[in-house]
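Remarks on the overall topology
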Amino acid sequence: MTWQQRLQPASFRGVSFHIDTATGQGGRRVAVHQYLNQSQHWAEDMGQTAANERLQMFVIGADYDLQREKLFAALNSPGAGKLIHPYLGSMYIQVKDFSWTISTRKGGYCQIDLNYVRAGKRQYPIAKLTSKHQLEQSCDSSKAAVMKDFEAVFKLQRQAQFVQDAATSQLNQLTTAIRATGEQVQAVVQAAGNAVQTLTSTVQSAAELAQTPARILKTLDDQLYQAFQTTDNIDDLFSQYQQFSGELTTVAVVNKTDTPSRQQLAVNQNALNQSTQALACIRMALNISQLQTPFSTYSQAIAVRDFLLNQLDTVIEQSSDAAYGPLSELQTALIRHIETVAPGLQQIRSIELQRAEPALVTAHRLYGDIQRTADLISRNNISHPGFIPAGHALEVLL
């Protein structure tokens, strides 16, 4: 069957007509975001556009006027109507506008130019979580999975005294490390200290710990919350986290030839270290979601993202199969959130001046803003603001 044989008689709402030409246009809705002092832009795809299509229709013959009035009535009727398009087949369309032409030189003939869009379907608002809320929910589900893993392996009940003493000692070491992390920022030392006192009071009794392993991790998480809430500066926060996570890399070997008590001691040590590492990583991700402007530069955002993703890879390797899903979703949510906040951030570049000039002049030439002179000076440790020598690499934000 040829294309001529596949053509269909044209009609709209059951009223037939002839067709001369058919045209249309389609595409995507694109929002182009351009940022101040940025050479790159971001083209955001907003979905398929509503395609505009046009028909050049005509009615002809001794009773063309009767057919014309039927067609006018069909085109003026409200709502979508069924169009049998000779070339494109059957569809429902919404008439936008039409124009008509009658000429005495062409008796018994009326041309109608129709502009329409396809009716489509009515769409109701769909609740969709922002990247911030997705990240927060992923943090909550990951934390629950980590705590469940911990409760499954950490055991002190009916264990030898040295196993209970080792757990108490390790918990005190963890609280000391967390307190040192929080005290890096002096503004909230007292808050961090108070949290340490709360935790210390819970680890004095090994018997009490034996009955409430969930309470151990919950209190550790509260302690981490206090330590990582001491600053809104992402550099300080990230530095705190890196220092703390570096202290949790030791893995105790579970030797199958050891006594059951010795094996449980090693399992407990690993569970505490690994769970605390996981909670710290989750807490860092949660803080990123809650900061209004978490990053100041693009490179900073990428560095934090990559480090946390590597940390989560380690956490996933040490976790159970049940925790794999929530932790993997956390990685995805973290990537999406940072992709959301990162595109408009400035990027660090290295430049060299062609001639010596004052820092004030350099700031004005680069940024058009002399208020950024101080950042230029501090970023490059310029000893004499009135003279920046040529030929030396300068770190700037562009």
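Everything below is about the structure printed above this text.
This section reports on the structure supplied with the text. All values derive from a computational prediction rather than experimental measurement.

Attention now goes to the environment of V32. You can see V32 is positioned in strand β4 (residues 28-34). Between the alpha carbons of V32 and E44 there is a distance of 6.2 Å; along the sequence they are 12 residues apart. If near-sequence neighbours (up to four positions away) are discounted, V32 is found in contact with H41, W42 and A43.

Our next topic: the packing of helix α9 (residues 260-290) against helix α10 (residues 298-318). Contact pair α9 / α10: the axes reach a minimum separation of 10 Å and the direction vectors enclose 145 degrees. Like other packed secondary-structure pairs, α9 and α10 cross with a definite hand, here left-handed. In this structure, α9 contributes Q274, Q277, A278, C281, M284 and I288 to the contact, and α10 contributes V304, L308, Q311, L312, V315 and Q318. Looking at the contact of α9 with α10 residue by residue, the classes come out as 8 nonpolar, 4 polar and no charged.

So, on to the packing of aromatic side chains. Scanning the entire structure with this criterion turns up 6 aromatic pairs. Plain terms: the ring middles of F72 and W100 are 6.0 Å apart, the flat faces sit at 40 degrees to each other, and that makes the pair tilted. You can see F72 sitting in helix α2 (residues 64-76) and its partner W100 sitting in strand β8 (residues 89-102), a full 28 residues away along the chain. Residue W100 is classed as partly exposed on the basis of its relative accessible area of 48%. Geometrically, the ring pair formed by F238 and F307 is edge-to-face, given 5.3 Å between the ring centres and 85 degrees between the ring planes. In this pair, F238 is assigned in helix α8 (residues 234-246) and F307 in helix α10, connecting sequence segments 69 residues apart. Overall, the relative accessible area of 25% leaves F307 in the partly exposed class.

About the criteria used
- Residues numbered from 1 in each chain as written.
- Predicted model: local features only at pLDDT ≥ 70, side-chain atom pairs only at ≥ 80, totals over all residues.
- Heavy atoms only, no water.
- Helix = DSSP H or I, 4+ residues; strand = E, 2+ residues; numbered from the N terminus.
- Contact = heavy atoms within 4.5 Å.
- Axes fitted to C-alpha atoms, helices over the stretch in contact; angles between N-to-C directions.
- Left-handed = near helix turned anticlockwise from the far one by under 90°.
- Nonpolar A, V, L, I, M, F, W, Y, C, P; charged D, E, K, R; others polar.
- Phe/Tyr/Trp six-rings, centres within 6.5 Å; stacked < 30°, edge-to-face > 60°.
- Buried < 20%, exposed > 50% of the residue type's maximum accessible area, 1.4 Å probe, protein only.

By themselves, these are just geometric observations and shouldn't be taken as functional.
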